[in-house]
Amino acid sequence: MKITVERQSNCAAKLSVEIPSDQLKGERQKIIRAFSSQARIRGFRAGKVPRTVIEKRFGEQITAELEQRMMQNALNEAAEKEDLRVIDARPPEDVVHHPDGALSFSSDLTIAPEFELPDYKGIVLEIPDRAITDEDIETELQNVRTRYADYADITDRPVQAGDFAVIDYKSQLEGKPTEEAVGQSVGYLGGGDDYWLKMEDDSILPGFSKSLEGATLNEERDFKCLVPEEFPIEELRGLELDFHVTLKGIKEQALPDLTDELAAEILPGADVKGLTEAIRGNLEQQLNQQIEELKVSQLLDKLTTMVKFDLPPELLKAETQGQADEMVERGIGSGMSEDEIEGRQDEIFAAASQRAQMNLKTDFLLQRIAEEEEIQLTQEELANRVASMANQAKKPIKTFAEELQKSGRLRGLQHSMLLSKTIDFLLEHAKVDDIEQTTGETSEDAHPATGPGEIEDGPESPSAQESTPDVTEEESAHEDE
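In short, a report on the structure.

As a further point, take the overall build of the chain. Scanning the chain from terminus to terminus reveals 14 helices and 13 strands. Out of the 481 residues in the chain, the part that is buried amounts to 37%. Once local pairs closer than 6 in sequence are excluded, the contacts in the chain between residues at least 24 apart make up 73%.

This is how it looks when you write it as structure tokens:
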């Protein structure tokens, strides 16, 4: 077999193959014998059908299988001799059956990008030196008390700082409702009814609560607020919004004393000391998880900046479309309308393209490192993971495994687990430097929960009562399907 590979740009290659007649004849004989042993033709015993009859009855199928086998053999040989990592092979073209019985054909290949692996051991990770403090515990205890607070109606005085104001409000920009003016959802900035507003400096927007101080029940007020430059919705940054607000109620918060009785109500069987320790353990678990996520994020960011290479265009196109579809689904799930999504198509695909490039580049790098370090996934590891997933899905392991196999998800699970194992290897060989945390920065600031390109439907509306993490321990599971 004569094989020629012509490497091209953009992760493409041209495979040309010439197969001599004697090699074809030998392979064809194997296929005919297989057909003969399995064929059931009236008038002939099983396995005793003459070759001429098999050729006449199944000639086209035999030729098709022959071409498919020779194509696969050629790909395997080319991959070994030319060090090719073939992602996709187009159906054979220019197929010629020569008079002497030889066969020639060509095929367009998509191949993995070629690059030199960077020095991936010893990557420096800078992690904020952060620990759970007594202040953190006290903050969470206050949040717990807030969840059990009572709220008394105030009728004999104006609203003041520290109160909760129950308001109806709406905003305008240049005389139009804000959402209409900017052509997209602006979340809670657009307005609300029976909205509980904590009278603090940064509630809704800086200056909003201050403008409402001194108002009496059922009073209406009009005032302006400036949208800060760091506001998530770019179109509103630096603009002044007009608000019309009606004060419908004033409530004063009364926090309960933190007693053993309250602790037992929050966490059955616990006293104040037990509740405090449970909160500390929960916060430490959350912090450790955030730190591990930050390590992975930094590791992959630094790894992908260490080397540059082209990505297969068709693969990038498919990945971008997949990312865009996921972003649209999340947008719809968060309440965005089809018109809003349609108006942000360019933004969505730009973000999806950025994310797709990062995903693919990371994937190729981790695969090459796994090959270099001979990192492999064992059958035991896969079986344990499938069993765990089946248990979570409350299905028999065999049934669940068959579902994974039939749906094609098993291969994706294996791939994902191998990449995770490679990341663990890189983390083991990374150098972690603890750095002093910037004043005011939290571990969440250091590692935002949202990635680049998230469709934002405005920031979340602040609740009247701050949410607190559950006191009971929760098991976090991340399943790659």
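It is worth spelling out the packing of aromatic side chains at this point. If you walk through the whole model with that rule in mind, you get 11 aromatic pairs. Measuring from centroid to centroid gives 5.3 Å for Tyr 151 and Trp 196, while their planes differ by 80°, and the two rings are edge-to-face. Residue Tyr 151 is found in strand 7 (residues 150-153), and its partner Trp 196 is found in strand 10 (residues 191-198); the two are separated by 45 residues along the sequence. Taken together, the ring pairs connect Tyr 169, Tyr 195, Phe 208, Phe 223 and Phe 243 into an aromatic cluster. Above the plane of the ring of Phe 309 lies Lys 361, whose end atom (NZ or CZ) is 5.7 Å from the centre. The lysine or arginine in question, Arg 368, covers the ring of Phe 115, its NZ or CZ lying 4.6 Å from the ring centre.

Ranked by size, the top nonpolar core spans 42 residues in total, and within it Leu 303 and Leu 426 carry the most contacts. Of all elements in the fold, only strand 6 (124-128), helix 3 (134-147), helix 6 (260-266), helix 7 (272-305), helix 10 (345-372) and helix 13 (409-428) reach the threshold of two or more residues within this core. Sort the elements by how many residues they give to this core and helix 7 lands first, with nine residues. Sequence-distant contacts of Leu 426, defined by excluding residues within four places in its chain, comprise Tyr 120, Leu 299, Leu 303, Leu 366 and Ile 369. Leu 173, Tyr 188, Ala 215 and Leu 241 belong to the second-largest nonpolar core, a separate cluster that totals 29 residues.

This part takes up the packing of helix 7 against helix 10. At their nearest, the axes of helix 7 and helix 10 sit 10 Å apart, and the two run at 85° to each other. Overall, the two elements helix 7 and helix 10 adopt an arrangement that is roughly perpendicular. On helix 10, the residues that touch Leu 300, Asp 301, Leu 303 and Thr 304 of helix 7 are Met 358, Lys 361, Thr 362, Leu 365, Leu 366 and Ile 369. Among the residues forming the contact of helix 7 with helix 10, the class breakdown is six nonpolar, two polar and two charged.

Note on placement: Leu 315 falls in helix 8 (residues 313-333). Along the backbone, Leu 315 and Ile 87 are 228 residues apart, and their C-alpha atoms lie at a distance of 9.2 Å. Excluding anything up to four places from it in sequence, Leu 315 contacts Ile 87, Leu 360 and Phe 364.

Geometrically, a packed helix pair is captured by the angle between its two axes and the distance between the axes. Helix 13 packs onto helix 12 (residues 397-407) with a crossing angle of 95° between their chain directions and a minimal axis gap of 5 Å. By the angle between their directions, the pair helix 12 and helix 13 is classed as roughly perpendicular. On the side of helix 12, the interface is formed by Leu 404, Gln 405 and Ser 407, while helix 13 contributes Arg 409, Leu 410 and Leu 413. When grouped by side-chain class, the residues that make up the contact of helix 12 with helix 13 number three nonpolar, two polar and one charged.

Note that Ala 264 resides in helix 6. Sequence spacing of Ala 264 and Leu 275 is 11 residues, and the spatial spacing of their C-alpha atoms is 8.1 Å. Here Ala 264 is in contact with Gly 269 and Ala 270, once residues within four sequence places are set aside.

Its identity is not glycine, yet Asn 10 carries a phi of approximately 55°, on the positive side. Not every positive phi belongs to a glycine, and Asp 194 is a case in point at roughly 50°. Tracing the sequence through the fold places Asp 194 in strand 10. Using a relative accessible area of 46% as the deciding quantity, one classes Asp 194 as partly exposed.

About the thresholds
Residues numbered from 1 in each chain as written. Predicted model: local features only at pLDDT ≥ 70, side-chain atom pairs only at ≥ 80, totals over all residues. Heavy atoms only, no water. Helix = DSSP H or I, 4+ residues; strand = E, 2+ residues; numbered from the N terminus. Buried < 20%, exposed > 50% of the residue type's maximum accessible area, 1.4 Å probe, protein only. Contact = heavy atoms within 4.5 Å. Phe/Tyr/Trp six-rings, centres within 6.5 Å; stacked < 30°, edge-to-face > 60°. Lys NZ or Arg CZ within 6 Å of the ring centre and 35° of its normal. Core = buried A, V, L, I, M, F, W, Y, C linked by side-chain atoms within 4.5 Å. Axes fitted to C-alpha atoms, helices over the stretch in contact; angles between N-to-C directions. Parallel < 35°, antiparallel > 145°, perpendicular 65-115°, else oblique. Nonpolar A, V, L, I, M, F, W, Y, C, P; charged D, E, K, R; others polar.

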